[in-house]
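Residues per chain are reported as follows:
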Amino acid sequence: LCPQVPELEKATVRIRQPERVRGIIRSLREQGAAKLQVVSDFDMTLSRFGCNGRRCPTSHNILETSRAVSEDSRKKLKDLLHYYYPIEIDPNRTLEEKCPLMVEWWTRAQELLVQQKIRKDDIAQIVRESEAMLRDGFKEFFDQLHKNNVPLFIFSAGVGDVLEEIIRQASVFYSNVNVVSNYMDFDDDGVLTHFKGPLIHTYNKNNTVLQGTGYFQQLSTRTNIILLGDSMGDLTMADGIPSVENILKIGFLNDKVEERRGQYLEAYDIVLESDETLDVVNGILRYILTE
């Protein structure tokens, strides 16, 4: 496909339109670091989906299964997951049907977490004790972007305080990293009182929740985008960007691979099936950013 990016030959890689992908990658390289930005989801995209046959936790899971949450609330949160998650991934339901149900799920989960009176000071320890893992190759990914002054915009429906802490503990929270997510609000004693708005769920990751942040406006010269996601909801993450010249969409297909392959190949330029690494992304970045 692209001899300069041998990682694209990995067995986990699927591409529906190789010619088109080759053209985008070539354009990204020709225009270089100064025009590039990376827009990425966090949970199950930058963080791992599984390890040794076990599921890795999302930023929500990390809180929900921590000692900060009571046994009873843990069970209630699990029940919410079992009820709403099948709706989230149901290919036969429309976005109009899903959106209000996602708002309902996130709101109910956040209310349960607020009842736990979680302390701000405990978050670092909660993350330390969790099984959170970033994908293999994360250090090279963050380092390359930082070294070349390429902005990394993380857009997450998870818990911002938790995912920032994961990145911090991995020692890769650089100045070029910007996060938009669901953040907790604490009182003067450092106790969680509510979550700050606007609520971000799987299907509203677009410019509606970015209005007023002005983030993409500051980067108006960065018209080339690499977008990383693991769900259909992640495809709209770049919608707030004023003018896009080239966009390369890379999707991690972590689960129910056979069943969802067709849908992912339609939506993403490059699909990575059950691949727990950032090898392909790093290979493409290396090619684009190397003089």
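What you are looking at is a predicted structure, and each value in this text was computed from that prediction instead of being measured.

A.B. asks: Provide a residue-level description of the domain arrangement of the protein, including the pertinent values.
C.D. replies: Domain assignment breaks the protein into domain 1 (6-50 + 133-289) and domain 2 (54-129). Distance from the C-alpha centre of domain 1 to the C-alpha centre of domain 2: 21 Å. Each partner contributes to the interface: domain 1 provides 33 residues, whereas domain 2 provides 30 residues. Where domain 1 abuts domain 2, roughly 2,800 Å² becomes buried across the two surfaces, and 67% of that area is made up of carbon and sulfur atoms. On the domain 1 side of the contact with domain 2, Leu 199, His 201 and Tyr 203 bury the most area, a combined 20% of that side's loss. Counting every contact that joins domain 1 to domain 2 gives zero salt bridges. Scanning the region where domain 1 abuts domain 2 turns up 12 residue pairs in polar contact (both at pLDDT 80 or more). Contributions of two or more residues to the side of domain 1 that touches domain 2 are made by strand E5 (152-159), helix H7 (160-169), strand E7 (184-186) and strand E8 (192-195). Among the elements that make up the side of domain 1 that touches domain 2, the one with the highest residue count is H7 (six residues).

A.B. asks: Let's hear about the side chain of His 60: which residues, and what values?
C.D. replies: By secondary structure assignment, the location of His 60 is in helix H2 (residues 59-64). There is a polar contact of 3.4 Å between the side chain of His 60 and the backbone oxygen of Ala 157.

Rules used in this analysis
Residues numbered from 1 in each chain as written. Predicted model: local features only at pLDDT ≥ 70, side-chain atom pairs only at ≥ 80, totals over all residues. Heavy atoms only, no water. Domains from an automatic or database assignment. Contact = heavy atoms within 4.5 Å. Buried area = accessible area lost by both parts, 1.4 Å probe. Salt bridge = Lys/Arg side-chain N within 4 Å of Asp/Glu carboxyl O. Polar contact = N/O pair within 3.5 Å; in protein donor to acceptor, adjacent residues only side chain to side chain. Helix = DSSP H or I, 4+ residues; strand = E, 2+ residues; numbered from the N terminus.

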